[in-house]
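# Coordinate inspection notes
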Amino acid sequence: MYSDKVMEIFKTETGDSPKNAGILKNADASGQVGNARCGDIMKIYLKISDGVIIDAKFKTFGCVSAIASTSIACDMIKGKTIEEALSFENSDFVKALGGLPAVKIHCSVLAKEALEAAVADYRKKQAKLAGG
Ligand code: FES
C-alpha cells in the first residue's frame, strides 16, 4: 500500500531519533491546521532567518501519510526562501514520497496547509515588529 520511502520516513519519525518530528524550540513561527475529513491535526514550526527557512519541525495527530508528507516537506523547505517553500504543492511532496495511495492524497494537503499557516503566522509577527 505504501512506498518504501513512506515507510522509511514513518519509521524514522516515530522511532527513537526522529528527524523532523518534534517541537522546534525558539521557532519564529508555527501553524496548525486540521483535516475536516478525518479529524487529524498537523502543526509545523519554522525557524526563519533573512527570509530563508533554516529549520522546520512538525507535531501531529495524523496518519502514516500525513507524517511522511510533512516530514518530507520539512526536508524540502529547509534552505529555501519563504516564497520558494510556498511554491511547493502537495503533489510535490507526494511525488518525492514515491506516491501515496489515492485515498491518502488529502493527507499531503495537511503538510501544505500547515506550512501556509506557519508562514502566515510569521508574516503577522513580522508586521507587528514593524509596527504594522
Ligand atoms: Fe487524516 Fe491522513 S487520514 S491526515
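What counts, and at which threshold
- Residues numbered from 1 in each chain as written.
- Predicted model: local features only at pLDDT ≥ 70, side-chain atom pairs only at ≥ 80, totals over all residues.
- Heavy atoms only, no water.
- Helix = DSSP H or I, 4+ residues; strand = E, 2+ residues; numbered from the N terminus.
- Polar contact = N/O pair within 3.5 Å; in protein donor to acceptor, adjacent residues only side chain to side chain.
- Contact = heavy atoms within 4.5 Å.
- Phe/Tyr/Trp six-rings, centres within 6.5 Å; stacked < 30°, edge-to-face > 60°.
- Buried < 20%, exposed > 50% of the residue type's maximum accessible area, 1.4 Å probe, protein only.
- Pairing = 2+ DSSP bridges.
- Axes fitted to C-alpha atoms, helices over the stretch in contact; angles between N-to-C directions.
- Parallel < 35°, antiparallel > 145°, perpendicular 65-115°, else oblique.
- Nonpolar A, V, L, I, M, F, W, Y, C, P; charged D, E, K, R; others polar.
- Expected span 1.5 Å × (residues − 1).

For the rest of this paragraph, the subject is the side chain of S108. Take S108: it is sitting in helix α5 (residues 105-129). Among the polar contacts made by the side chain of S108, one reaches the side chain of N90 at a distance of 2.9 Å. A distance of 2.6 Å separates a polar side-chain atom of S108 from the backbone oxygen of I105. Apart from residues lying up to four places away in sequence, S108 is in contact with S69, N90, F93, V94 and L100.

Turning next to the packing of aromatic side chains. Considering all chains together, one arrives at one aromatic pair under this definition. Seen in terms of ring centroids, F88 and F93 are 6.1 Å apart; in terms of plane orientation they differ by 50°. Their pairing is tilted. For the residue pair F88 and F93, the accessibility class agrees, reading buried in each case.

The next subject is the sheet that holds strand β2 (residues 41-49). The antiparallel open sheet is built from three strands, whose spatial order is β1-β2-β3. Single-partner strands in this sheet number two, and they are β1 (29-34) and β3 (52-61). The average undirected angle you get between the axes of adjacent strands in this sheet is 20°. Pairing geometry for β1 and β2, over six bridges, is antiparallel.

Here β1 folds back onto β2, and the loop between the two strands holds six residues, one of which, G39, carries a positive phi near 85°. Bridging between β2 and β3 involves nine bridges; their strand directions are antiparallel. Paired with I41 across the two strands is F61, which belongs to β3. The antiparallel pairing of β2 with β3 creates a hairpin that spans two residues between the two strands, and D50 there sits at a positive phi of about 50°.

At a closest axis distance of 9 Å, the pairing of helix α1 (residues 4-13) and helix α2 (residues 64-77) adopts a crossing angle of 85°. Between α1 and α2, the interaxial angle falls into the category roughly perpendicular. Across the interface between the two elements, K5, V6, I9, F10 and E13 of α1 pack against V64, I67, A68, S71 and I72 of α2. Of the residues in the contact of α1 with α2, the class split is seven nonpolar, one polar and two charged.

Here we take up α2. The first and last C-alpha atoms of α2 sit 20 Å apart over 14 residues, in line with the 20 Å expected at 1.5 Å per residue. Once α2 finishes, G79 follows within two positions and takes phi at roughly 85°, a positive value.

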